[in-house]
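The residues making up each chain are set out below.
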Amino acid sequence: MLDVIVIGAGFAGMYMLHRLRAAGLRTLVLEEGGDVGGTWYWNRYPGARCDVESLEYSYSFVRGWAWSERYAAQPEILDYARHVAGLLGLRADIRFRTRAESAFYDEATGSWTVTTGDGDALRARFLVTAVGCLSAANVPDLPGLASFAGPTYHTGRWPHEDVDLTGRRVAVIGTGSSGIQLIPAIAGRAAHVTVFQRTPGYSTPAVNGPLDPGHARWFEDHRDELTRRARSSPGGFLVPYGTRAALDVTAGERQAEYERRWTRGGVGFLTGFTDLLLSEEANESAAEFVRAKIRAIVTDPATAGRLTPKDQPIGLKRLCLDTGYHATYNRPDVSLVDLRETPIEEIVPTGLRTRDTVHEADVIVFATGYDAITGALLAMDLRGRGGIRLRDRWAGGPTSYLGLAVAGFPNLFTITGPGSPSVLTNMMVSIEQHVEWIADCLRDLGPHAVIEALPDAESSWTEQVRELADFTLYAKSESWYSGANIPGKQRVFMPYLGGVGNYRAECERVAANDYEGFLRTRLP
Ligand code: N01
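From a predicted model like this one, the values you see are computed outputs, not experimental measurements.

Visitor: Tell me what's going on with the overall build of the protein, and back it up with residues and numbers.
Guide: Helices and strands together make up the secondary structure of the protein, namely 14 helices and 20 strands. C-alpha extents for the protein along the principal axes are approximately 75 × 55 × 45 Å. Within the protein, the fraction of its 524 residues that count as buried is 57%. Contacts in the protein between residues at least 24 apart in sequence constitute 71% of all its contacts with a sequence separation of at least 6.

Visitor: Tell me about helix H4 (residues 177-186), residues and numbers included.
Guide: Counting buried residues in H4 gives 7 out of 10 residues, a clear majority hidden from the surface. Listed in full, the buried residues belonging to H4 are Ser178, Gly179, Ile180, Gln181, Leu182, Ile183 and Ile186. Buried residues in H4 make contact with strand E8 (169-173), strand E9 (192-197), strand E10 (203-205), strand E11 (320-322) and strand E16 (363-366). After H4 finishes, the residue glycine 188 shows a positive phi value of roughly 95 degrees.

Visitor: Describe the site of the ligand, naming the residues involved and giving the relevant values.
Guide: Every one of the 24 residues lining the ligand counts as a neighbour, but Ser178, Gln181, Arg198, Thr199 and Lys317 are closest to it. For the ligand, an oxygen atom lies 2.9 Å from a polar atom in the backbone of threonine 175. Lysine 317 places a polar side-chain atom, nitrogen or oxygen, 2.7 Å from an oxygen atom of the ligand. When the ligand is considered free in solution it has 900 Å² of accessible area, and contact with the protein chains removes 87% of it.

Visitor: Explain the state of the cysteines residue by residue, including any values.
Guide: Enumeration according to the criterion identifies 0 disulfides in this entry. Sulfur of cysteine 50: no disulfide; nearest cysteine sulfur belongs to cysteine 320 and is 14 Å away. Judged by relative accessible area, which is 4%, cysteine 50 ranks as buried. Of all cysteine sulfurs in the structure, the one in cysteine 441 sits closest to cysteine 507, which takes part in no disulfide; the separation is 11 Å.

Visitor: Mind laying out the pairing of strand E4 (residues 100-106), listing which residues take part and the relevant values?
Guide: Here 6 bridges tie E4 to strand E5 (residues 111-116), and the two strands are oriented antiparallel to one another. The residue of E5 that forms the bridge with serine 102 is threonine 115. Taken together, E4 and the strand that follows it, E5, pair antiparallel across an intervening segment of 4 residues, in which glycine 110 is found at a positive phi of about 60 degrees. Looking at chain direction, E4 and strand E17 (residues 381-383) are connected through 3 bridges and run parallel.

Rules of the game
- All residue numbers refer to position in the chain's written sequence, counted from 1.
- Selection of residues for local features in this predicted model requires a pLDDT of at least 70, selection of side-chain atom pairs for listing and counting requires 80 or more, and totals for whole chains, interfaces and linings are taken over all residues.
- The side-chain figures draw on all heavy atoms in the structure; neither hydrogens nor water molecules are used.
- Working definition: helices are DSSP H or I runs of at least four residues, strands are E runs of at least two. Numbering for both runs from the N terminus.
- When accessible area is computed with a 1.4 Å probe and restricted to protein chains, residues below 20% of their type maximum are described as buried, those above 50% as exposed, and intermediate ones as partly exposed.
- By definition in these notes, contact holds between two residues if any of their heavy atoms fall within 4.5 Å.
- Distances are taken per atom, and a residue is near a molecule or strand as soon as one of its heavy atoms is within 4 Å of it.
- Each polar contact in these results corresponds to two N or O atoms within 3.5 Å; when the atoms are within protein, one needs to be able to donate a hydrogen and the other to accept it, and residues that are neighboring in sequence are counted only if both atoms are side-chain atoms.
- Only the protein chains shown count as cover for residues, and all accessible areas are computed by the Shrake-Rupley method using a 1.4 Å probe.
- Sulfur atoms of two cysteines make up a disulfide when they are within 2.5 Å.
- In this description, strands pair whenever DSSP reports at least two bridges between them.

Here's what the structure looks like:
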């Protein structure tokens, strides 16, 4: 029997393997893909790149990698993941092209049995999921889709072989982060791009460019100090966080701050003031700034109007970063269909039919997002004590203790699970924190331990996650953060909003208090 099975070999699973090996635990990683990299293995669509600066979106303990751009493109990030796998010799303990279909906990032996897609049953004392928050692709069930004559792709399951869109008429459905990156990258190469937009989103410029080698050297020289800063910050980013409320300064000062952050680019647009996600009035000032930018960039007023978010606060859906997204609509070979005005009625062999016409297309790209945070966990048949299914435990929405553990599921840890800061933060910072906490826990407890979240601890943590969301504008928002993008999914705001610094302190306190909130026993 193994000590630990880890599911997923993205950045979380890779680091988990490294730390568990260092703790002397026999570990096997199961990975559905053909190599390491997780999200960066699957998201190969044109234009895919990180929206966190690459220097920050990298392991804090790996040195000597030279990023070429401020925001690396997907191939470079995948190269980095492969480089780290080689450096640490990880592949020897990763079984690729192996999907974990089910995982059952056996109380008698205190162990998990994981059944793979090829029918193998593997046993381990502990199970760690590193399945990613945005990995279960959402493809809408559009009538007639099977009749479409051309190929269809989802951005998160992009083929590994070359997809040549040159001279093709491409329909893109979805204008979230993926669509916003893809659309400018294929415009000009495709014969025509028709974008099907349901809700216009806010986006600010990435301001990407070659990475200054001097800055990269400085970053590496100060890496330990910068890592400490990121780990104690609200979001795990090294952006400047403002200390004043937007409503406490003059309109001119607000405007100047927004302009400064817009020009600098990156994820910091909304961190300039303390109240942008708390007060509708403050939020509206930032939203209106971005709306005015869209109106200034897009030359056709009707198109600008359709692209401009109305009656929606900014930042409650993930704020996108773009490179020339809105300006793309000034091209003659790019057109926009507003699905609120003319919904897709059906897909026909030659394209997409809306009320007034058939939009002809050779290729359809779904940039329609994910069943986020819980989707990949629930895609497996996970069963805990007494055979209870995670799917049933979470029928009313996910519950967890610290986003790391679920009552009734002993010896299971969920990296960046629901109830942890995860997707609202720099994922690298959140991944490292979870991995280190889990590895230390298993090292402290030893391989014969059984550890399980107590129901009371789980309820009060879940309540705390909800109360924090209720305190902010997120409470009323409709987004994948709360499952609103998936028909029939229970609406629960899933990420913990207290910030990575506070969250880390709480996890450390729990561990120092002899794993308070967990029931610990030992196998005989
Ligand atoms: O997915 P999304 P994404 N008919 O859910 C539309 C991360 N990420 O893949 O808003 C028509 O954001 C949907 O419309 P609406 C990042 O965290 C990061 O773009 O629901 N349209 C929306 O426009 C991000 O937030 C990076 O009305 C439909 C779009 O599809 C997360 O992944 C890059 C539809 C989905 O947007 C997800 O981003 C890419 C339907 N039936 C992604 N269903 C970087 O690091 C959905 N839509 C840069």
